[in-house]
Protein chains: 4
Amino acid sequence: MHAHEMIGTHPHVKGKTNDALIRCIEECFDCAQTCTSCADACLGEPMVAQLIQCIRLNMDCADICMATGAIATRRTGSNEEVIRQMLHACMTACRICGEECGRHAGMHEHCRICADACRRCEQACRQAMDSIGARH
Amino acid sequence: MHAHEMIGTHPHVKGKTNDALIRCIEECFDCAQTCTSCADACLGEPMVAQLIQCIRLNMDCADICMATGAIATRRTGSNEEVIRQMLHACMTACRICGEECGRHAGMHEHCRICADACRRCEQACRQAMDSIGARH
Amino acid sequence: MHAHEMIGTHPHVKGKTNDALIRCIEECFDCAQTCTSCADACLGEPMVAQLIQCIRLNMDCADICMATGAIATRRTGSNEEVIRQMLHACMTACRICGEECGRHAGMHEHCRICADACRRCEQACRQAMDSIGARH
Amino acid sequence: MHAHEMIGTHPHVKGKTNDALIRCIEECFDCAQTCTSCADACLGEPMVAQLIQCIRLNMDCADICMATGAIATRRTGSNEEVIRQMLHACMTACRICGEECGRHAGMHEHCRICADACRRCEQACRQAMDSIGARH
């Protein structure tokens, strides 16, 4: 992704990037794609009826990751309280989705990969949140 | 919108709709469109340079309203903690965006209408959050 | 929705609204919510395994309606070729999704309502496309 | 991104991935983030009034890339005509946005990077479209 390169050239950032936030943006876009893909792969499984909670959590998580990734991308003006709350909601969505996917990780390889992407995104959101306290 | 009609026919809902949540869904979709439109109208103003914070908040608010509206729409399985946190983030985004738009309401009619839509959506999110405590 | 009121106050529009395009925006947001809701209701049906094509088309249609509604909302600058192609894609997505939902309309009330919303949105996209030829 | 890994584990794909389509998904998510970032960076420039067409095209392109990336991700059931039309719309949006960004590439580094991301995404959409003719 071009997130680091792009944000580094923002007129208000001028190279002083918050790298934890940038990593979080990248994980959010990745997790959104992964969750969209996992919802779709679950839907294609013969045992789909047992995966409906997983599909639902995947879709919610994808929507939140997408919105969080877009909001965290913006550096013009400021909206710190909203970013914080979205990072918090995104952490929660990733944790819950990752736990559910983790339950089918032994049976469905897509759930194993998705659980991993969710955990990475959850952790990146936490680190981004910590980084906002220090600088922003 | 068809939100009430649609959710009323969901196999797990069977007519027992949470009307506060449905009103919230409708306000979220409305506010997403209104904020997208206000960001665009601000961008077209000759004094755009003084409206950049407003545009930024509009875009963040639109993204969050969109995600919240989609997530609140889903009734299969459950994801209550995530819905709560998104309603909370959406309330905050609407409050902050509505306050900023309110500052230009006298000069830009689109900001006046948008401030109103944000306030309605903020209130609908609050009522939806209260309603989830009681039933869900 | 506030689409008509908002676009009417855009500094470049000044009340000279394209009403076919505005109706199309409203139908796009409505259809996005309805398709999101239908995908979710189908997912909750005991016979979910027979509804996977319907769910998939619902999700694709919701994504396209959302993007088309946002793009058609913008009046600053111009992007006519892109709007045209998105209206075209949206018409196609609505037609195909509406046909699939129509097949289960007798059995699932949510599919009947969704088929209707898709048809209205398809028609509104067509009329918006015709209107762009004449003025824009 | 996990797109290749995820789609390779889809129950209907079973490792027989369409690599041109997967590359297209990755470019779409990347281009969506890059265009969101470029709109924001342009909004932060002192000469924002001269960049409003660029910002508008960036936002349209981001919306279409996001929708195209999600739709192209889905492998359950089929929706070939819609995928084709979205790839076509996405190519057009990327071409037009890339051309506009290219005009400011000498002055704004973020526009130079964004023009490059748009061109890559346009090309990936074209190759994905060609690949769908041959197999899908």
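Chain A carries the name Four-helix bundle copper-binding protein in an unreviewed UniProt entry, which gives Microvirga flocculans as its organism.

1. Concerning the interface of chain D and chain A
Between chain D and chain A, the contact holds 37 residues from the first and 37 residues from the second. Buried surface at the junction of chain D and chain A, both sides included, amounts to about 3,000 Å², of which 67% is carbon and sulfur. There are zero salt bridges connecting chain D and chain A. Among the secondary structure elements, those contributing two or more residues to the side of chain D that touches chain A are helix H1 (3-8), helix H2 (19-43), helix H3 (52-73) and helix H5 (109-134) of chain D. It is H2 of chain D that provides the largest number of residues to the side of chain D that touches chain A, a total of twelve residues. Along the lines of polarity and charge, the residues of the side of chain D that touches chain A split into 16 nonpolar, twelve polar and nine charged.

2. Some words on the relation of the copies chain A and chain B
Least-squares fitting of chain A to chain B yields an RMSD of 0.0 Å, with the transformation described by 0.0 Å of translation along the axis and a rotation of 180 degrees. Such a combination of turn and shift is consistent with a two-fold rotation axis. Closest approach to the rotation axis among the C-alpha atoms of chain A is made by Ala67 of chain A, whose C-alpha sits 3.3 Å away. Most of the interface of chain A is mirrored in chain B, where 100% of its interface residues are also at the interface.

3. Some details on empty space enclosed by the protein
Applying the stated criterion to the full structure yields one cavity of 30 Å³ or more. There is about 1,100 Å³ of room inside the largest cavity. Together, 47 residues line the largest cavity, and Met66 of chain A, Met66 of chain B, Met66 of chain C together with Asp63 and Met66 of chain D are the ones closest to its centre. Elements with a minimum of two residues in the lining of the largest cavity: helix H2 (19-43) and helix H3 (52-73) of chain A, helix H2 (19-43) and helix H3 (52-73) of chain B, helix H2 (19-43) and helix H3 (52-73) of chain C together with H2 and H3 of chain D.

4. Topic: H3 of chain A
Over its 22 residues, H3 of chain A runs 32 Å from end to end, which matches the ideal 32 Å to within 8%, given 1.5 Å per residue. With 20 of 22 residues buried, H3 of chain A is to be regarded as a mostly interior element.

5. Notes on unusual backbone geometry
Residues and elements named next belong to chain A. The phi dihedral of Lys14 falls on the positive side, at around 45 degrees, and the residue is not glycine. Among the structural elements, Lys14 can be located in the loop between helix H1 (3-8) and H2. Taking the relative accessible area as the measure of exposure, Lys14 reaches 70% and is therefore exposed.

6. Overview of the environment of Thr9 of chain D
When you line up the elements, Thr9 of chain D lands in the loop between H1 and H2. Assessed through its relative accessible area of 22%, Thr9 of chain D is described here as partly exposed. For the pair formed by Thr9 of chain D and Thr76 of chain D, sequence separation is 67 residues and the distance between their alpha carbons is 12 Å. Ignoring any residue separated from it by four or fewer positions in sequence, one finds Thr9 of chain D in contact with Glu109, His110 and Ile113 of chain A. Among the polar contacts made by the side chain of Thr9 of chain D, one reaches the main-chain carbonyl oxygen of Met6 of chain D at a distance of 2.7 Å.

7. Considering the interface of chain A and chain B
Contact with chain A, which involves 28 residues of that partner, is made by 28 residues of chain B. Roughly 2,500 Å² is buried in total at the junction of chain A and chain B, and carbon and sulfur atoms are behind 56% of that figure. For the pair chain A and chain B, the interface holds six salt bridges. The salt bridge partner of Arg74 of chain A is Asp60 of chain B, with a shortest N-O separation of 2.5 Å. Inspection of the chain A/chain B interface yields 18 residue pairs in polar contact (both at pLDDT 80 or more). For the side of chain A that touches chain B, the secondary structure elements donating two or more residues are H3 and helix H4 (80-103) of chain A. Considering only residue class, the side of chain A that touches chain B consists of 13 nonpolar, eight polar and seven charged.

8. Side note on the side chain of Asn79 of chain A
Along the chain, Asn79 of chain A turns up in the loop between H3 and H4. On the basis of relative accessibility, which here comes to 4%, the residue Asn79 of chain A falls in the buried class. With residues up to four places along the chain from it excluded, the contact list for Asn79 of chain A reads Arg56, Leu57, Asp60 and Ile96 of chain B.

9. Observations concerning the packing of H3 of chain B against H2 of chain C
Two measures define how a pair of helices packs: the angle their axes make with one another and the distance between the axes. Here H3 of chain B crosses H2 of chain C at 35 degrees, and the two axes come no closer than 9 Å. Pair H3 of chain B / H2 of chain C crosses with right-handed handedness. Between H3 of chain B and H2 of chain C, the residues in contact are Met66, Ala70 and Thr73 of chain B and Phe29, Gln33, Thr36, Ser37 and Asp40 of chain C, respectively. Residues that form the contact of H3 of chain B with H2 of chain C fall into these classes: three nonpolar, four polar and one charged.

10. Thoughts on the pattern of salt bridges
This structure, assessed with the given rule, holds 44 salt bridges over all chains. One salt bridge connects Arg112 of chain A with Glu109 of chain A, and the closest N-O pair in it is separated by 2.7 Å. With a gap of three residues between them, Arg112 of chain A and Glu109 of chain A both fall in helix H5 (residues 109-134), about one helical turn apart. Its relative accessible area of 35% is what places Arg112 of chain A among the partly exposed residues. Of the charged contacts, one joins Arg74 of chain C and Asp63 of chain D as a salt bridge, the two residues approaching to 2.9 Å between their closest N and O atoms. With one member in each of two chains, Arg74 of chain C in the loop between H3 and helix H4 (80-103) and Asp63 of chain D in helix H3 form a pair that bridges those chains. What makes Arg74 of chain C buried here is its relative accessible area of 5%. Bridged by salt links that share partners, the residues Arg56, Asp60 and Asp63 of chain A together with Arg74 of chain B form one connected network.

The rules behind each value
- Residues numbered from 1 in each chain as written.
- Chains lettered and ligands numbered in written order.
- Predicted model: local features only at pLDDT ≥ 70, side-chain atom pairs only at ≥ 80, totals over all residues.
- Heavy atoms only, no water.
- Contact = heavy atoms within 4.5 Å.
- Buried area = accessible area lost by both parts, 1.4 Å probe.
- Salt bridge = Lys/Arg side-chain N within 4 Å of Asp/Glu carboxyl O.
- Helix = DSSP H or I, 4+ residues; strand = E, 2+ residues; numbered from the N terminus.
- Nonpolar A, V, L, I, M, F, W, Y, C, P; charged D, E, K, R; others polar.
- Least-squares fit on C-alpha atoms with pLDDT ≥ 70 in both.
- 1 Å grid on protein atoms, 1.4 Å probe; cavity = no way out; pocket = protein on both sides within 12 Å on 5 of 7 lines; lining within 4 Å.
- Points joined across faces, edges and corners; volume = space filled by probe spheres on them.
- Expected span 1.5 Å × (residues − 1).
- Buried < 20%, exposed > 50% of the residue type's maximum accessible area, 1.4 Å probe, protein only.
- Polar contact = N/O pair within 3.5 Å; in protein donor to acceptor, adjacent residues only side chain to side chain.
- Axes fitted to C-alpha atoms, helices over the stretch in contact; angles between N-to-C directions.
- Left-handed = near helix turned anticlockwise from the far one by under 90°.

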